[in-house]
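Chain by chain, the residues:
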Amino acid sequence: GQSLEQPSEVTAVEGAIVQINCTYQTSGFYGLSWYQQHDGGAPTFLSYNGLDGLEETGRFSSFLSRSDSYGYLLLQELQMKDSASYFCAAIQGGKLIFGQGTELSVKP
Amino acid sequence: DAGVIQSPRHEVTEMGQEVTLRCKPISGHDYLFWYRQTMMRGLELLIYFNNNVPIDDSGMPEDRFSAKMPNASFSTLKIQPSEPRDSAVYFCASSGGQGAIEQFFGPGTRLTVL
């Protein structure tokens, strides 16, 4: 089968760094994407890893290790507006398989 | 660009009624995806099209669901007859040449079947 595992919720304080882990088990794995979704909103694309290593986009970074079937999203200098759900998604063929999402709460 | 447009934004209907959800992808995008999101099942891919052709409909739950893409700027997802368990938020997303890598989601249609 295919599955992605990520923590259901994470809490952190403003200004801190938080890491959201994702392990996957999918056939035909092509790469790993990350999406952000605020309450009542649509998912928005954050980052993509096609190769092993770190990709940095401003305060957000994403990492992939194919040998470990593992990736993570790193959020630095947390802001209140970062409170949202974060989804890892495996690319398989031409489609995305989403994890269940991690709800991040940023406290003052 | 206006982004992906979906209509209606909210739909309340009674069990047994036909429901049609509409989507206009971003101009120039050749991939279109339909997703369903619920608390229990998360975000599930129902079907996706490439150049208006259905490529994978393995996520369509049953024969009550059908999707069409008559041209590059319009797609519909139809549920007939609708059931209470179909209540969910339905998202349409589109992407360009990179296919699944970066998808742009519409605002979603919140469907409630009574």
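You'll find the structure just up there.
These figures come from a predicted structure and were not determined experimentally.

Draft legend 1. Highlighting the state of the cysteines. Residue and element names in this part refer to chain A. The final tally for this structure, using the stated rule, is 2 disulfides over all chains. Residue pairing for C22: its cysteine sulfur links by disulfide to C88, the two sulfurs lying 2.1 Å apart. When the S-S torsion is 75°, as for the bridge of C22 with C88, the disulfide is right-handed. With a gap of 66 residues between them, C22 in strand 3 (residues 18–25) and C88 in strand 9 (residues 84–92) connect regions that are remote in the sequence. Taking the relative accessible area as the measure of exposure, C22 reaches 0% and is therefore buried. According to the relative accessible area criterion, C88 is buried, its value standing at 0%.

Draft legend 2. How the structure looks around the packing of aromatic side chains. Tallying each qualifying case throughout the model produces 15 aromatic pairs over all chains. The structure contains a cluster of three or more aromatic residues connected by ring pairs, namely Y35(A), F45(A), F87(A), F98(A), Y31(B), F33(B), Y35(B), Y48(B), F91(B) and F105(B).

About the cut-offs
- Residues numbered from 1 in each chain as written.
- Chains lettered and ligands numbered in written order.
- Predicted model: local features only at pLDDT ≥ 70, side-chain atom pairs only at ≥ 80, totals over all residues.
- Heavy atoms only, no water.
- Disulfide = S-S within 2.5 Å.
- Helix = DSSP H or I, 4+ residues; strand = E, 2+ residues; numbered from the N terminus.
- Buried < 20%, exposed > 50% of the residue type's maximum accessible area, 1.4 Å probe, protein only.
- Phe/Tyr/Trp six-rings, centres within 6.5 Å; stacked < 30°, edge-to-face > 60°.

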